[in-house]
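Descriptive analysis of the structure
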Amino acid sequence: MVRRTALRALYLVLLPVLVLFALLLVPAVIVARLGSSGRVWRPETWKKVSYGSRYFRSSFRGRLGEVVDVIDVVRDGLILLFGVVAVVCLAGGLLALLFEIGVPGWLSAWIEGSFVASDPAWFPAGGRLSFGGGAALALVACVALVVLALGLSLYGWLAFALGEATRVILKYGGAATLFPDPGDAIPGGRLVLCQISDLHITANGREPYEIEEGSSAWPEGVPRPDTAELTGRLRRLVAEIAAMNPPLVALTGDMTDLGEEAQWDELEAALSGIPASSRVLMVPGNHDVAINVGTSPDPYLKKRAEREQRFIDVLTRVERGPFQPLLHIPARKRARRRLRAIAGLYPRRLELEGGIRIFGLNSNRYRSRFVGSNAIGQIGGGQLRRLARALRRGSGPVVVLLHHHVARLAGPISLNDTFMIAMDGPRLLEMLAAYQQKNPKKNSALVLHGHKHLAFFGHYRSKSGGRVSVYAHPSSTLGHETDGHLDGIARFAAIRLTDEGIWRVETHPLRPARAATEASPAAAEAAVS
């Protein structure tokens, strides 16, 4: 409690400090730009500035959305509002007469010298307030309080938004760094699972949210990904996965685009082709349960509670296998109870043949109340402690599935990346590295996730020598993203484990539709490098 209070106080004083810093920094930047003929403004710098401005613009749209909601409520009770204001003004006039309140000299002088038209009888210099003068002052006081409350509200919102952004950036600075390591891409190995991720299934012919926001990201010459195109791609992916008959099919988040019921219906229909012999494990993505867009802000997490309830309902119908803990459907009446219910479902635990243990995590424990922060990930201390206990109860190969990135990639850092990572990802990696180090030949560890529509395979090494493999899967329906542009290639991943305990990740691009209808040859396999 003390820590939370201290953080809130820090957020409130952070805004004036940043404003002062900006006042000092702007002249220095201008001088540096003039002195270096503009070389200080690198494209990467512009990208960060652009993202920061978009973040706060979208957040401000969210705040304006709240104001619109308030106006709707006020409009519904407009007669009552006018009645309350009239009573307050009437009471002000009666109090002025009852207590014979005098007119301060400064007030009468200000009124006489101002452009505001006034009746001298209401505000006689040195005299007493009339009934009308008392009512007018009561009205002015009400307006002033409303303006003050609105100003404090906007200031508090901006201060907390900046504080949240600062905290996330500092957390990102302490995240682990992954480096590509293609040395483990050796042939062979038993098939453990197939992974699909970031499907962004829509409904009613809509395109995915990010494509609508930035159509330039979609490659030219490729059909625009509306509902029919997305579900068609998913059905073909499922058909190719079914031909491999994997022990497990894992969906690592963002199965739907906005977590709407109609989108879940489209997803369930497209997943119906998964063979009955394959188990299915789903972990939620931010678009499934935590999306918070500028056109539909959710500062009080009411829509989030509804999305989490939908996810639990779908989970009971789609997920297959003797997972622990057992599924339960919470009461629908209380939003707070629904928000707690999904926390108790993870980590999902399943053991495959050969002692391979699978753990599914919910990396959406971060409570995003601002539009620009809905992509931030957090696993949560409770979930990590439960995972640690489960790891201690056994040994052997381990696969952990979640949606958010757990580490940053080597290379240039963009501001966008800071709002895409699980803030406690380093804690997860350290836990798995310690587990692997106990028995390096037996306890191999692999983390699978999606989220950034980026294909990447690398390794994390702890200071004590533990090693964890990490694979980021791109969007299975939209493709791999490079420099803000998607390649439009649908794909799934096949995860294999060699006899030496080395994880191998194969990406399987979706075959052309014409080839898919012919006699199916073996799926083309490309090792991720």
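Up top you'll find the structure we're talking about.
Remember, it's a predicted structure, so these values are computed and weren't measured experimentally. (Residues numbered from 1 in each chain as written. Predicted model: local features only at pLDDT ≥ 70, side-chain atom pairs only at ≥ 80, totals over all residues. Heavy atoms only, no water.)

1. Focus on the nonpolar core
- By size, the foremost hydrophobic cluster in this structure holds 40 residues, and its most contacted members are Leu234, Leu251, Leu271, Met282 and Phe311.
- Contributions of two or more residues to this core are made by strand 2 (190–196), helix 7 (227–244), strand 3 (248–252), helix 8 (261–270), strand 4 (279–283), helix 10 (302–318) and strand 14 (491–497).
- For leucine 234, the residues in contact, after removing those within four places along its chain, are Ile196, Leu199, Ile201, Leu267, Ala270 and Leu271.
- Core analysis: the next-biggest nonpolar cluster, separate from the first, contains 28 residues, Leu384, Ala390, Leu429 and Phe456 among them. (Core = buried A, V, L, I, M, F, W, Y, C linked by side-chain atoms within 4.5 Å. Buried < 20%, exposed > 50% of the residue type's maximum accessible area, 1.4 Å probe, protein only. Helix = DSSP H or I, 4+ residues; strand = E, 2+ residues; numbered from the N terminus. Contact = heavy atoms within 4.5 Å.)

2. As for a nonpolar patch on the surface
- Among the surface-exposed residues, Leu90, Leu94, Leu97 and Phe131 lie close enough to one another that they form a single nonpolar patch of about 360 Å² accessible area.
- Looking at which element gives the most residues to the nonpolar patch, the answer is helix 3 (residues 78–98), with three residues.
- Within the element layout of this structure, leucine 94 appears in helix 3.
- In this structure leucine 94 comes out as partly exposed when scored by relative accessible area, which is 47%. (Patch = residues over 30% accessible without salt bridge, like charges linked within 9 Å, V, L, I, M, F, W, Y side chains within 5 Å. Areas by Shrake-Rupley, 256 points an atom, 1.4 Å probe, with all protein chains shown as cover. Salt bridge = Lys/Arg side-chain N within 4 Å of Asp/Glu carboxyl O.)

3. So, helix 12 (residues 381–392)
- Over its 12 residues, helix 12 runs 17 Å from end to end, which matches the ideal 16 Å to within 8%, given 1.5 Å per residue.
- All of the buried residues along helix 12 are Gln383, Leu384, Leu387, Ala388, Ala390 and Leu391. For helix 12, the buried positions fall inside an angular range of 165° around the axis, keeping them on one side.
- Here the buried face of helix 12 lies against strand 5 (348–352), strand 6 (356–360), strand 7 (398–401) and helix 14 (425–438). (Expected span 1.5 Å × (residues − 1). Arc of directions from axis to C-beta.)

4. Topic: unusual backbone geometry
- Following glutamine 324, the chain continues to proline 325 via a peptide bond in cis, the omega torsion being 0°.
- Among the secondary structure elements, proline 325 is positioned in the loop between helix 10 and helix 11 (335–341).
- The peptide bond linking tyrosine 346 to proline 347 adopts the cis configuration, its omega dihedral lying at 5°.
- For proline 347, the position within the fold is in the loop between helix 11 and strand 5.
- A positive phi angle, close to 55°, is found at histidine 200, a residue other than glycine.

5. Quick look at the pattern of salt bridges
- Scanning the model with the defined rule gives nine salt bridges in all.
- As a salt-bridge pair, glutamate 229 and arginine 233 come within 2.8 Å of each other at their nearest N and O atoms. With glutamate 229 and arginine 233 both in helix 7 and four residues apart, this pair spans about one turn of that helix.
- Exposure remark for arginine 233: the relative accessible area of 8% places this residue in the buried category.
- Residue glutamate 319 pairs with arginine 348 through a salt bridge whose shortest N-O separation is 2.5 Å. Highlighted residues: glutamate 319 in the loop between helix 10 and helix 11 and arginine 348 in strand 5, separated in sequence by 29 residues.
- Among the residues examined, arginine 348 registers a relative accessible area of 2% and is labelled buried.
- Through salt bridges with shared partners, one network takes in Arg496, Arg504 and Glu506.

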